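Examining the three-dimensional arrangement
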Amino acid sequence: MKKMMFLGLSLFSLMVQAQTARKFTIDLTEDGKAQMVCFLPETHSGKAIVGVPGGGYSMLSNTHEGYLASEWLNQQGIAYFVVNYRLPNGDRTIPIGDVEKGIRIVRDSAQAWSINPHDVGIMGFSAGGHLSSVISTHADFDVRPDFSILFYPVISMDERLSHKWSCVNFLSEEGQKNPELVRDFSTQNAVRRHLTPPAIIISASDDRLVPFVTNGLEYYKAMRMAGNDCAMYVYPTGDHGFGFGPWFKYHKQMLEDLKNWLNDRQVPKPDAVRVACVGNSITDGHGIDMATAYGYPALLQKKLGSDYWVKNFGVSSRTLLNKGDFPYMNEMAWKDALAFKPDIVVIKLGTNDSKPQNWQYGKEFKQDLEQMIKELRAVSPKARIILCTPIPAFKSSWDINDAVITNEIIPIQQKVAKNFGLEIIDLHTLFSNSADMVQEDGIHPNQKGVGRMADIVFEQLKK
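What counts and what doesn't
Residues numbered from 1 in each chain as written. Predicted model: local features only at pLDDT ≥ 70, side-chain atom pairs only at ≥ 80, totals over all residues. Heavy atoms only, no water. Helix = DSSP H or I, 4+ residues; strand = E, 2+ residues; numbered from the N terminus. Rg over C-alpha atoms; globule rule 2.2 N^0.38 Å. Areas by Shrake-Rupley, 256 points an atom, 1.4 Å probe, with all protein chains shown as cover. Buried < 20%, exposed > 50% of the residue type's maximum accessible area, 1.4 Å probe, protein only. Pairing = 2+ DSSP bridges. Right-handed = clockwise from strand over helix to strand, strands pointing away. Phe/Tyr/Trp six-rings, centres within 6.5 Å; stacked < 30°, edge-to-face > 60°. Lys NZ or Arg CZ within 6 Å of the ring centre and 35° of its normal. Polar contact = N/O pair within 3.5 Å; in protein donor to acceptor, adjacent residues only side chain to side chain. Contact = heavy atoms within 4.5 Å. Salt bridge = Lys/Arg side-chain N within 4 Å of Asp/Glu carboxyl O. Axes fitted to C-alpha atoms, helices over the stretch in contact; angles between N-to-C directions.

Let's shift gears to the overall build of the chain. When helices and strands are counted, the chain shows 17 helices and 13 strands. Taken against the 2.2 N^0.38 rule, which gives 23 Å for 463 residues, the C-alpha radius of gyration of the chain at 24 Å falls within 12% of a compact globule. Here the C-alpha coordinates of the chain stretch approximately 75 × 70 × 45 Å along the principal axes. Element-wise, carbon and sulfur atoms account for 52% of the exposed surface of the chain, whose accessible area totals about 20,200 Å².

Listed below in structure tokens is the structure:
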């Protein structure tokens, strides 16, 4: 009998989920007009979520779109932080700055609060969903979230397609007259391949306030077209503003869907070795559907395992040359790669530089490559830097010239590698008899080719 009672008590204790262990408030501004309410769980999973309430940018709906989520999230071992941001009144930088400061505090306090700084997400509702998507697409690397949860989000800033007052309050009436501003902050237009964090979008089909088809669906489409990780759950009914309210007909199903999505995410360890893959369309994964999962950097991640954190900073069409038609070092991806502070950098550039309009500046290729190396060493002095030569151009698609690659670009890469003590991978030689590993354009590796690239880089890293 005693054994049975002990077994029953043990099972009961296992069933009891973690609760909120500590609640406190942090002022984000000296006057206390912006605050962050913090809910730390008893048992920590390492995950954290910054909550951004809705309210049309005219008020804060921070109960069912804020605090009400704390109990469930803490039960999952997730630290939760609700940002009561200041309203924009036409100055969008005010709420953006408040939420970014909240994210920065969470990451800076990660060790003290038992949080993995690489597993900090954002969760926004309605106008707060728009603000969350703005920070997911526009913010600097250090405050960009690792994932986004968007409840029935305002996405478009075109008041004809969205919630009028969210648009006017965020951009101001004057801003609404600026087509470039409207386009830029209609965040489906700001999604960036590999750089915009994974997202889950939760909405109801009968939402009459923020039309799903012209808002949440547009963000999903942009993410999917970019090959970024994105999930979408559209429940039959619920209208707008259900949040974490138990009155929502699909509340339990929604929680289960959200829980499964959060648990399925692969999260890098806090001390993982950081590998930055820098390059053009071959690194980016041109022609590889869902390159975030099937491009060479993604396959390299699978081979290296959880002790490494591989990020793809490839951008199609880019040149190493700063006077090329699309210079890589002008890109957000390069800025992110530096902010990543990598331990290992794999550079695969040079293919597009061989085009006539770009190689007219070929005398500057060496100095531009040296500039890239110096900028990397400035942020990561001990980084292991590996130069990859371009793979052969089996066809002259887009005027890419294999003779220029072979006779001029590769010798410069070899010289710079020697001068700076860098490793070099001769992909040009390794792919010389591999026409079956490239797509019909004769330039970009096919799925077999990106697998071979991942193998080659893996072998080099493990030397």
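That was the structure; now back to the text.
A few words on the pairing of strand β3 (residues 48–52). A large share of β3 lies buried, amounting to 5 of its 5 residues. Burial of β3 is two-sided: the residues A48, V50 and V52 facing one way and the residues I49 and G51 facing the other way are all buried. Where β3 meets strand β4 (residues 79–84), 4 bridges bridge the pair, whose relative direction is parallel. Considered in β4, the bridge of V50 is made with F81. For the segment spanning β3, helix α2 (residues 70–75) and β4, crossover handedness is right-handed. Sheet topology places β3 next to strand β5 (residues 120–125); 5 bridges connect them, and they run parallel. By the bridge assignment, V50 is partnered in β5 with I122.

Applying the stated criterion across every chain, the model contains 24 aromatic pairs. The interplanar angle of 65° and the centroid separation of 5.6 Å between the aromatic rings of F170 and F185 together place this pair among those described as edge-to-face. Taken as a pair, F170 in helix α5 (residues 164–175) and F185 in the loop between α6 (179–184) and β7 (199–204) lie far apart in primary sequence, 15 residues in all. Pair check on accessibility: F170 and F185 agree, each one buried. Taking the centre distance of 3.9 Å and the plane angle of 10° together, the rings of F242 and F248 count as stacked. With respect to burial, F242 and F248 carry one shared label: buried. The positively charged end of R22 is found above the aromatic ring belonging to F24, 4.2 Å away from the centroid.

Take the side chain of H240 next. Its location among the elements puts H240 in the loop between β8 (230–235) and α8 (251–264). A polar contact of 2.8 Å, which involves the side chain of H240, links it to the side chain of S126. Here D207 takes part through its side chain, which lies 2.7 Å from a polar atom of the side chain of H240. Once you skip the residues sitting within four places of it in the chain, H240 turns out to touch S126, Y152, D207, L209 and V210.

With that out of the way, let us pick up the pairing of strand β9 (residues 273–279). Counting buried positions along β9 yields 5 of 7 residues, so the element is predominantly enclosed. Pairing analysis gives 7 bridges linking β9 to strand β10 (residues 308–314), with the strands arranged parallel. Note that in β10 the partner of C277 across the bridge is N312. Where β9 lies against strand β11 (residues 344–348), 5 bridges are found, and the strand directions are parallel.

With respect to the helices, strands and loops of the structure, I201 is situated in strand β7. The spatial distance from the C-alpha of I201 to the C-alpha of D27 is 30 Å, given a sequence separation of 174 residues. Those residues in contact with I201, other than ones at most four positions away along the chain, are L150, P153, F212, G216, Y219, Y220, C230, A231, M232 and Y233.

A separate point is the pattern of salt bridges. This structure, assessed with the given rule, holds 20 salt bridges. For the salt bridge of E370 with K366, the shortest nitrogen-to-oxygen distance reads 2.6 Å. Taken together, the residues span about one helical turn, with E370 and K366 both in helix α14 (residues 365–379) at a distance of 4 residues. For K366, a relative accessible area of 27% gives the class partly exposed. Of the charged contacts in the structure, one is a salt bridge between R384 and E423, with a shortest N-O distance of 2.6 Å. Here E423 lies in strand β13 (residues 423–425) and R384 lies in strand β12 (residues 384–388), a separation of 39 residues in the sequence. Taking the relative accessible area as the measure of exposure, E423 reaches 23% and is therefore partly exposed. A single salt-bridge network, built from bridges that share partners, covers K47, D119 and R265.

The subject of this paragraph is the sheet that holds β7. Within a sheet, neighbouring strands are paired by backbone hydrogen bonds and run either parallel or antiparallel to one another. Read from one edge to the other, the open sheet built from 8 strands follows the order β1-β2-β4-β3-β5-β6-β7-β8, with strand pairing classed as mixed. Strands at the two margins of the open sheet, each flanked by one partner only, are β1 (20–27) and β8. Looking at each pair of strands side by side, their axes are set apart by 15° on average, direction ignored. This element, α8, spans β6 (147–151), β7 and β8 of the sheet and lies at about 165° to β6.

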